[in-house]
Amino acid sequence: MNTGLKITAFAAAVAATFGTAYGVGKGVGPVAAGEQSAGHGRHGEVSEKEAAGGGHSGHRAASPAAGGLQTSESGYTLTLETPRVAAGDRTPLRFSIQDEDGRKVTAYEREHGKELHFIVASRDLTVYRHLHPTRAADGTWSTSADLPAAGGYRAFADFKPAKKGAEALTLGADLAVSGTYAPAGLPAPAATAEVDGYEVTLTGGLRRGKSGELRLNVAKDGKPVTDLQPYLGAYGHLVALRSGDLAYLHVHPNGEPGDGATEPGPEVSFTATAPSSGTYRLFLDFQHDGKVRTVAFTVEAGKGTAHAH
């Protein structure tokens, strides 16, 4: 595409192609899904409606839930008060979680050190931001984000209301970013990603309905990093997004700082599952020397045995 497509603040572009990662590291070398790779969706839970397509037998497991595809679920709604912003500027974002009566939720259970996790990703998966909003007394959340590329985005709120019987939810809403839009191609599956002199190597993969490990090893200047710092209650935070509809998987680490068994690097491991076959983008946040960095990997789920190239 030689010239950019101009997008106004009143129209969200939904990208059909996928782009090179922005600010999340450069990938090298492919990773495919392994026979032993897969995992769980949100906290490993599988509902009755998800089990309709398969069972938990060793032959075929049920697909886990894919979060973020619904704006409303279980009586709660994610409402963006700033659904349209301009590209390139650090712009304020405001939103709220409303209950079935339209009241803003003000009480949450803390998970991984936060009442709510807020993720913004472009539809073509070129831009990813893990933000830390603050909540006003009336239940309005606010933060700011630099979104450098125009197009369609998806905002995700990952939270659990502090109400008896309430379940943990991931809700999603569309965000339009105005400016000149120029889509690119999704990076190829990769075993290694780099950012700021750090090299992160991924082993394992994703497969529909069968749990397994994703192991990420962090090195700097060719040496293993053995003093990772806790971030959101763990030595790493991993989010997986399915290309196309941006189905959201918030996977959790195996072990935590201070449990007597989990080392502060170089390896951080997660258990994860793909809700379907397809292409996924994995975003790993890790903290070292007081700064959080993000690397990204493209992986294919449901492609059979992994091969390193």
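These notes cover the structure that comes with them.

### Structural notes on the environment of leucine 131
And step 1. Mapped onto the secondary structure, leucine 131 falls in strand β8 (residues 128–131).
And step 2. For the pair formed by leucine 131 and serine 144, sequence separation is 13 residues and the distance between their alpha carbons is 8.0 Å.
And step 3. Filtering out sequence-adjacent residues up to four positions away, leucine 131 remains in contact with Leu93, Phe118, Val120, Thr143, Ser144 and Ala145.

### Section: the sheet that holds strand β6 (residues 90–98)
Strand pairs in the sheet, formed through backbone hydrogen bonds, run parallel or antiparallel to each other.
And step 1. Strand order in this open sheet of five strands is β3-β4-β6-β10-β9, and the pairing throughout is antiparallel. For this open sheet the edge positions go to β3 (72–73) and β9 (134–135), each flanked by a neighbour on one side alone.

### Some points on the environment of lysine 223
And step 1. For lysine 223, the position within the fold is in strand β16 (residues 223–224).
And step 2. Between the C-alpha atoms of lysine 223 and glutamate 199, which are 24 residues apart in sequence, the distance is 9.4 Å.

### What about the nonpolar core?
And step 1. Core analysis: the largest hydrophobic core is formed by 28 residues, its most contacted members being Val200, Leu206, Leu282, Leu284, Phe286, Val295 and Phe297.
And step 2. Ranked by size, the runner-up nonpolar core spans 27 residues in total, among them Val127, Tyr153, Ala155 and Leu175.

### What to know about the side chain of glutamine 287
And step 1. With respect to the helices, strands and loops of the structure, glutamine 287 is situated in strand β20 (residues 278–288).
And step 2. A polar atom in the side chain of glutamine 287 sits 3.3 Å from the backbone oxygen of proline 230.
And step 3. Setting aside its immediate chain neighbours within four residues, glutamine 287 contacts Leu228, Gln229, Pro230, Tyr231 and Val292.

### Concerning the pairing of strand β11 (residues 151–159)
Side chains on a regular strand alternate between the two faces of the sheet.
And step 1. Within β11, nine of the nine residues are buried, leaving the element largely enclosed by the surrounding structure.
And step 2. Here seven bridges tie strand β7 (residues 116–122) to β11, and the two strands are oriented antiparallel to one another. Paired with leucine 116 across the strands is phenylalanine 159, a residue of β11.
And step 3. Sheet topology note: the β11/strand β12 (residues 169–181) ladder contains nine bridges and is antiparallel.

The rules behind these values
- Residues numbered from 1 in each chain as written.
- Predicted model: local features only at pLDDT ≥ 70, side-chain atom pairs only at ≥ 80, totals over all residues.
- Heavy atoms only, no water.
- Helix = DSSP H or I, 4+ residues; strand = E, 2+ residues; numbered from the N terminus.
- Contact = heavy atoms within 4.5 Å.
- Pairing = 2+ DSSP bridges.
- Core = buried A, V, L, I, M, F, W, Y, C linked by side-chain atoms within 4.5 Å.
- Buried < 20%, exposed > 50% of the residue type's maximum accessible area, 1.4 Å probe, protein only.
- Polar contact = N/O pair within 3.5 Å; in protein donor to acceptor, adjacent residues only side chain to side chain.

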